[in-house]
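# Coordinate analysis (summary)
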Amino acid sequence: MLRRKMLVGLALGALAACSGSTSARIGPDGLPLPQVYKISPSDTGDIQFRMLDSVNALRQAAGVPPVELDGQLTAAAATHSRDMSIQNRPWLFGSDGSSPLDRALRAGFQGQIVGENISESYETELETLAAWINQTDTRNVILDPEARRMGFAWFQEPAGKLWWTLNMGSNQSMVSPSVTAFQGTIPAITN
């Protein structure tokens, strides 16, 4: 009798575990509705290094050198992510008219800016990277063979919307006087 109760209890426990404490809501098309990807402050390092590893895996597959995470480019990316949220539009220029080059210089970056990718979404960093790699202009920024440094940051609004920014740059020793074109048709501005 005790053995039977134990078996029934284990079976009920297994069913409870399978019954779905994950309450995936279903949309009118029968597919699960997207979930808000909430990021906590303790996730920052994991997300940045997951993105760095993923970018470097893509770069290795393309036969270009890896990049390293750069604190100054990350600071410039964080500034721009927050600013895009304030402006409520994803674009390469800041509310003060600053370009990616301006923001990197303000953050103290000494290399050349190779490019900047931006996104407004509710998607994870890896979903965002997948979207970037599927577009020619943003893929070219990620896979640029001159890039050796990467900055990556985001700003998340209370409702969950994410503003992602990825900056790519060269090392100081690789700086050349040429002007680098950014994603799309917006050229870099030099003084």
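Since this is a predicted model, take the numbers as computed values, not measurements.

## Some remarks on the pattern of salt bridges
Taken as a whole, this structure holds 6 salt bridges when the rule is applied. One salt bridge connects R50 with E125, and the closest N-O pair in it is separated by 2.6 Å. Note that R50 is positioned in helix α2 (residues 44-61) and E125 in helix α5 (residues 125-133), a separation of 75 residues in sequence. Of the charged contacts, one joins R149 and D70 as a salt bridge, the two residues approaching to 3.1 Å between their closest N and O atoms. In this pair, R149 sits in strand β3 (residues 149-156) while D70 sits in the loop between β1 (68-69) and α3 (71-87), placing the two residues 79 residues apart along the sequence.

## Some points on the pairing of strand β4 (residues 162-169)
When you tally the buried positions in β4, you get 8 out of 8 residues, the bulk of the element. Of the two faces of β4, the one lined by L162, W164, L166 and M168 and the one lined by W163, T165, N167 and G169 are each fully buried. The pairing of strand β2 (residues 113-121) with β4 spans 8 bridges and is classified as antiparallel. When the bridges of β4 are listed, N117 appears paired with L166. As paired elements, β3 and β4 share 8 bridges and run antiparallel to each other.

Thresholds applied
Residues numbered from 1 in each chain as written. Predicted model: local features only at pLDDT ≥ 70, side-chain atom pairs only at ≥ 80, totals over all residues. Heavy atoms only, no water. Salt bridge = Lys/Arg side-chain N within 4 Å of Asp/Glu carboxyl O. Helix = DSSP H or I, 4+ residues; strand = E, 2+ residues; numbered from the N terminus. Buried < 20%, exposed > 50% of the residue type's maximum accessible area, 1.4 Å probe, protein only. Pairing = 2+ DSSP bridges.

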